[in-house]
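Structural characterization, general
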Amino acid sequence: MYPRLQVAARSVIKHSFRTMSDIADNINNMSISEKQKDIPQKKAAKKQKGGGGGNESQELNPWPAYIQDRITIFDKLYGQYQEFLKTVDRKPIKITLPDGNTVEGESWTTTPYDVASGISAGLANNSIISKVNGDLWDLDRPLESDCSIELLNFDSDQGKEVYWHSTAHILGEAMERKYGGCLCYGPPIAEGFYYDIYLGADASVSEADYNGLESIMKSIVKEKQPFQRLEMTKADLLEMFKYNKFKCRIIENKITTPTTTVYRCGPLIDLCRGPHVRNTGKIKTLKVVKNSSTYWEGKADMESLQRIYGISFPDNKLMKEWKVFQEEAAKRDHRKIGLQQELFFFHELSAGSCFWLPRGARIYNTLVQWIQEEYIKRGFSEVVTPNMYNTKLWECSGHWQHYQDNMFSFDVEKEKYALKPMNCPGHCLMFGHRPRSWRELPLRLADFGVLHRNELSGALSGLTRVRRFQQDDAHIFCTPDQITEEIRGCLEFLNAVYSIIGFTYELKLSTRPEKFLGELSVWDEAESKLKKALDDFGAPWTVDPGDGAFYGPKIDITIRDALKRPHQCATIQLDFQLPIRFDLVYNAPDGTEKRPVIIHRAILGSVERMTGILTENFGGKWPFWLSPRQVMVVPVMPMFNDYAVEIRNKLHSKNLAIDCDLDDGATLNKKVRNAQLAQYNFIFVVGEKERDAGTVNVRTRDNQVHGEITVEAITDKLLRLKNSKANDDKLE
């Protein structure tokens, strides 16, 4: 056995070729010199710091020397790996399909792609990646023993993730060929992928570069470069990436095993865990969508990097749908609507902290008051806790050890304090400040306290990522026997709230992770109770094995807005550890002291983030109960201004958001149109007839005419509509 690879011999992946001779032939054909022969000299640009722009690809000529250096090392080690593979024994294996059927194969020869091809050519062609015994597995990686296999296409979340990760490597190759520089991280994200690159202190990427990058990427796709995987020692990795200080940092600081993997496609060889698609030709359509600046690992005192984002799909129809979706999403951007409707703004003198203008504050307060009303119905007690604590509190809770970089801390009289990023430790102090009896449980404490988290400036994004925020945060202290009932109550709470807003949602039970705290029996019992609560609730749910928090299992809730975009706002989490850390106990009926369980729960989550989501969900057309502009009174002539003001004052006293348009220079039609464009739910037109009869002429922003209604009657109708929290603005 080749000693360099002895540690990881069983886990090494073979790439996408049927025989060892195919491997050797293809590696020999991938020399950099031959690759560059295809670059027309007239299109090659001189090496530049960045921003190489234009519609042509403008590749560097020659490519950076480190590319050939990497390939030389790779070829040498891969050749040694081929020799090692010749010594591996091959045996008959049984492969179990999802339907329970089995097929025969040979260890270290049969691949998931072979299995798929044996079923149908269409299945093989549409498969992006496989799962072998539950683990993601390259389609061309040989199976090593008896196993179960599942084939994933682009419709699956993991299929998309692999597809976009592979396209990120294509982007990385194009960036090296265009800019040189040092690649950093290049992961898939929720929708697409990005790659970071270091080009020097003063260099940057511009939108003018996009066409050139796409041109290189399309040529890479056309070449159908195979993705090849190789496991290497840290020493060899450091030699391969010695030109790139960022990769060396990852190797030295993040890799804790003797070996790890690289993936190669064409001239790109990158530190990567994989897996990937079979070859670059699987990417059928792609687009570079935006760029930005960031810092190495998000730290403002580190090097400035250039980040390029992209998207890709397996067919053009999906790309067209994505473009239409992006256009609609741009119209609904909460930052744009927030400025247009004068709801909120941000200022560099308090980055990440929202300035809520009067109309935005009305939305904000309406959401808070709504949840407060629900708290009263559901037995929650609202509390107020301090904004800052001595860091000894966070050391006790464990947050200081793991979260201090995300906290704002400062010195007070030679002691270190920090602004709270969450409420749970403070609630633990409340529970523990005096003896507690079992009769007090469950104790449901709710808190809208202001929270601060030291998000990096580059990560801030409107209302969806802020530094200062409030949550509809609550913690339920209960006995183990009360867990099922309390979880069921939390689920009913979130269903009531999301049904009113109009959100659909998905439930997922995240179970014990590999690294967990506490006794196995306690975890098993807790998971059993969560399952029972979910079953009793009646909504569909799935299991996400191993994705629970280290301190307890949780239920993840993903909502879908009007554009079917996913958001995770609500949370329901069991916690066995904080009661231990704070030594929380209650007196049980038998006189002994017992440890409570804590349930962390939020429905809206951050009120700031939820407001941003709702702004985009409604597209700025707020339902009446939540609207910051509910009614506009429009007098037909200046002589009826006093009557308009009288109506405004009456409805204003009922806490309705009502205004008057008293601009004598505007025509009636213009006033009505302005009110509709400003998204007033209702427009009251008043003139002599209405004044004399004590009525208003009612129409909606969508030009539905309700006609003449008395002021008293319309006031009652509007108050009923407001209290109903209906989203359709129908007057009853």
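Residues numbered from 1 in each chain as written. Predicted model: local features only at pLDDT ≥ 70, side-chain atom pairs only at ≥ 80, totals over all residues. Heavy atoms only, no water.

Helix and strand content of the chain: 23 helices and 34 strands. Structurally, the chain occupies a C-alpha span of about 95 × 80 × 65 Å along its principal axes. The long-range fraction of contacts in the chain, counting pairs at least 24 apart against all pairs at least 6 apart in sequence, stands at 68%. Accessible area of the chain: about 33,600 Å², with a carbon and sulfur share of 48%. (Helix = DSSP H or I, 4+ residues; strand = E, 2+ residues; numbered from the N terminus. Contact = heavy atoms within 4.5 Å. Areas by Shrake-Rupley, 256 points an atom, 1.4 Å probe, with all protein chains shown as cover.)

A word on the side chain of Glu616. Within the secondary structure, Glu616 is located in helix H19 (residues 607-618). A relative accessible area of 13% places Glu616 in the buried class. Excluding its chain neighbours within four sequence positions, the residues that come into contact with Glu616 are Arg332, Asp333, His334 and Arg565. (Buried < 20%, exposed > 50% of the residue type's maximum accessible area, 1.4 Å probe, protein only.)

The end-to-end C-alpha distance of helix H6 (residues 157-179) is 32 Å, a good match for the 33 Å that 23 residues give at a rise of 1.5 Å each. In terms of residue burial, H6 counts as a mostly covered element, since 19 of its 23 residues are buried. Remark: Gly180 follows H6 within two positions and exhibits a positive phi of approximately 80 degrees. (Expected span 1.5 Å × (residues − 1).)

Here we come to the sheet that holds strand E34 (residues 705-710). In space, the five strands of this open sheet follow the order E31-E30-E32-E33-E34, with mixed pairing throughout. This sheet does not close on itself; its edge strands, each paired only once, are strand E31 (658-660) and E34. Strand-to-strand, the axes of this sheet are offset by a mean angle of 25 degrees, without reference to chain direction. Strand contacts of helix H21 (residues 668-677): strand E30 (631-635), strand E32 (682-686) and strand E33 (695-700), with the helix running at about 160 degrees to E32, the strand carrying the most contacts. Contacts from helix H23 (residues 711-724) reach E30, E32, E33 and E34 within the one sheet, and its direction differs from that of E34 by about 120 degrees. (Pairing = 2+ DSSP bridges. Axes fitted to C-alpha atoms, helices over the stretch in contact; angles between N-to-C directions.)

The N-to-C vectors of helix H16 (residues 483-501) and helix H17 (residues 520-537) enclose an angle of 45 degrees; their axes lie 8 Å apart at closest approach. Overall, the two elements H16 and H17 adopt an arrangement that is oblique. H17 is crossed by H16, and the crossing has right-handed handedness. Of H17, the residues touching H16 (which contributes Ile483, Thr484, Ile487, Arg488, Leu491, Glu492 and Asn495) are Lys529, Leu530, Lys532, Ala533, Leu534, Asp536 and Phe537. (Parallel < 35°, antiparallel > 145°, perpendicular 65-115°, else oblique. Left-handed = near helix turned anticlockwise from the far one by under 90°.)

For an α-helix the count is 3.6 residues per turn, leaving residues at separations of three or four pointing the same way. Across its 16 residues, helix H10 (residues 316-331) extends 23 Å between first and last C-alpha, which sits within 8% of the 22 Å expected from 1.5 Å per residue. Considered for burial, the residues of H10 that qualify are Met319, Trp322 and Ala329. What you see down the axis of H10 is that its buried residues fit within an arc of 80 degrees, all on one side. Counted as exposed and oriented over 90 degrees from the buried face of H10: Lys317, Lys320, Val324, Glu327 and Lys331. Buried residues along H10 sit in contact with strand E12 (285-295) and strand E13 (304-313). The N-cap residue of H10 is Asp315: its side-chain oxygen and the backbone nitrogen of Lys317 are 3.0 Å apart. (Arc of directions from axis to C-beta. Polar contact = N/O pair within 3.5 Å; in protein donor to acceptor, adjacent residues only side chain to side chain.)

Moving on, we come to the sheet that holds strand E5 (residues 147-152). With mixed pairing, the five strands of this open sheet are ordered in space as E2-E1-E5-E3-E4. Lying at the two open borders of the sheet, with one neighbouring strand each, are strand E2 (102-106) and strand E4 (135-137). For this sheet, the mean angle separating the axes of adjacent strands, direction not counted, is 40 degrees. Sheet topology note: the strand E1 (residues 92-96)/E5 ladder contains two bridges and is parallel. Opposite Ile95, over in E5, you have Cys147 as the bridge partner.

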